[in-house]
Amino acid sequence: LILRMSRFAIVHVYFPGHNTLIMKELGNMERWAGRVGVVTGTSSGIGASIAEELVKKGLNVVGIARRVERVEQLAKSLKSEKGKLYALKCDVSKESEIIEAFHWIKKNLGGVDILVNNAAVAIQAPMINGQTEQWKAMLDTNVIGLSICTREALKIMKENGVDDGHIIHINSIAGHRLPPSNRSVMYHATKNAVTVLAEGLRRELIKNNSKIKITSVSPGLVETELPPKEYLETMPILAPKDIADGVLYVLGTPPHVQVHELTIKPVGEII
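The structure reproduced in this document is the subject of the present report. Predicted model, so just to flag it, every value in this text is computed and none were measured.

Now for the nonpolar core. Grouped together as the largest cluster of nonpolar side chains are 33 residues, with contacts concentrated most on Ile50, Leu54, Val61, Leu85, Ile168, Ile170 and Leu251. Broken down by secondary-structure element, the contributors of at least two residues to this core are α1 (45-56), β5 (60-65), α2 (68-77), β7 (114-117), β8 (166-170), α7 (240-251) and β10 (261-264). With 26 residues, the next largest nonpolar core counts Cys90, Leu115, Cys149 and Ala198 among its residues.

Spelled out as structure tokens, the structure:
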């Protein structure tokens with residue numbers, strides 16, 4: 001009987017005359033040790049937390065961000081860990097910078113085994129009077145940039161004969177429904193696109209007889225730089241590490257198991 005799930009499962013085991021609690025770690029990350037993970041949007045929040053946890057598990061992680069100095073500081077704090085964090089400056093809304101970044105990754109680290117598409121832009125830009133530039137900023141990063149990063153990672157995986165790679169899109173509950181606040185329809189539209197892109201990629205991979213996995217991770221409200229401040233002060237929230245733990249879970253599943261959609265909400269969230 002599993003009583004609770006987080007990074008660990010507490011399993012109640014019954015034997016005649018015994019009543020024992022066993023703490024068992026979920027998932028197996030050992031097979032990823034020494035391999036290469038790429039995480040976009042690692043300057044803060046969810047991306048930084050995911051990069052940190054992967055480094056602790058022994059991966060060589062490339063942290064992609066515009067504010068690369070923040071990633072460099074994180075890398076210094078992780079020097080004593082099993083893996084290593086490489087800071088790489090890149091704006092994922094610009095195709096030329098993405099292509100250059102993945103070229104650097106292949107040249108210097110040999111390839112890529114895991115891609116976490118975390119970079120995102122959220123702007124309150126209504127359909128009635130929002131600015132075109134604001135809409136484009138969200139679409140270019142959340143949809144087009146994500147797609148280009150995915151394509152370039154898959155290209156390198158194919159060239160290297162990697163057939164057990166994993167693509168993870170950090171989506172949102174906004175990618176599955178339109179919340180009552182309705183403050184940025186375009187942002188929610190971009191996250192709905194991520195949901196479709198994840199399922200479409202899954203079907204394409206199957207058609208190509210590939211064992212590479214695709215997972216959409218959809219958090220509720222997380223304490224990051226994206227949500228309006230009043231949301232964080234009045235609503236139940238998750239910590240970035242909660243999402244990082246979810247990523248470790250899906251990466252630790254056996255080769256035949258694919259967690260296609262993982263929704264993570266704080267207790268008490270009403271949406």
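Next comes the rest of the write-up.
Looking now at the pattern of salt bridges. As enumerated under the stated definition, the model contains 14 salt bridges in all. The shortest N-O distance in the salt bridge between Glu225 and Arg67 comes to 3.0 Å. In this pair, Glu225 sits in the loop between β9 (213-219) and α6 (229-234) while Arg67 sits in the loop between β5 and α2, placing the two residues 158 residues apart along the sequence. Its relative accessible area of 48% is what places Glu225 among the partly exposed residues. Residue Arg67 is classed as partly exposed on the basis of its relative accessible area, which comes to 31%. A salt bridge links Glu95 to Arg151, with the nearest nitrogen and oxygen atoms 3.0 Å apart. You can see Glu95 sitting in helix α3 (residues 95-109) and its partner Arg151 sitting in helix α4 (residues 132-160), a full 56 residues away along the chain.

Pairing within the open sheet is parallel, and its seven strands lie in the order β6-β5-β4-β7-β8-β9-β10. Strands at the two margins of the open sheet, each flanked by one partner only, are β6 (84-89) and β10. Going across the sheet, the axis of each strand differs from the next one's by a mean of 15°, ignoring polarity. Summarising the sheet, β7 and β8 pair through four bridges and their orientation is parallel. Each residue of the ladder has a partner; that of Leu115, found in β8, is Ile167. Of the strands in this sheet, β4 (36-40), β5, β6, β7 and β8 are in contact with α1, which crosses β4 at around 170°. Against the sheet, α7 engages β7, β8, β9 and β10, with an angle of about 155° to β8.

Criteria and cut-off values
- Residues numbered from 1 in each chain as written.
- Predicted model: local features only at pLDDT ≥ 70, side-chain atom pairs only at ≥ 80, totals over all residues.
- Heavy atoms only, no water.
- Core = buried A, V, L, I, M, F, W, Y, C linked by side-chain atoms within 4.5 Å.
- Buried < 20%, exposed > 50% of the residue type's maximum accessible area, 1.4 Å probe, protein only.
- Helix = DSSP H or I, 4+ residues; strand = E, 2+ residues; numbered from the N terminus.
- Salt bridge = Lys/Arg side-chain N within 4 Å of Asp/Glu carboxyl O.
- Pairing = 2+ DSSP bridges.
- Axes fitted to C-alpha atoms, helices over the stretch in contact; angles between N-to-C directions.
- Contact = heavy atoms within 4.5 Å.

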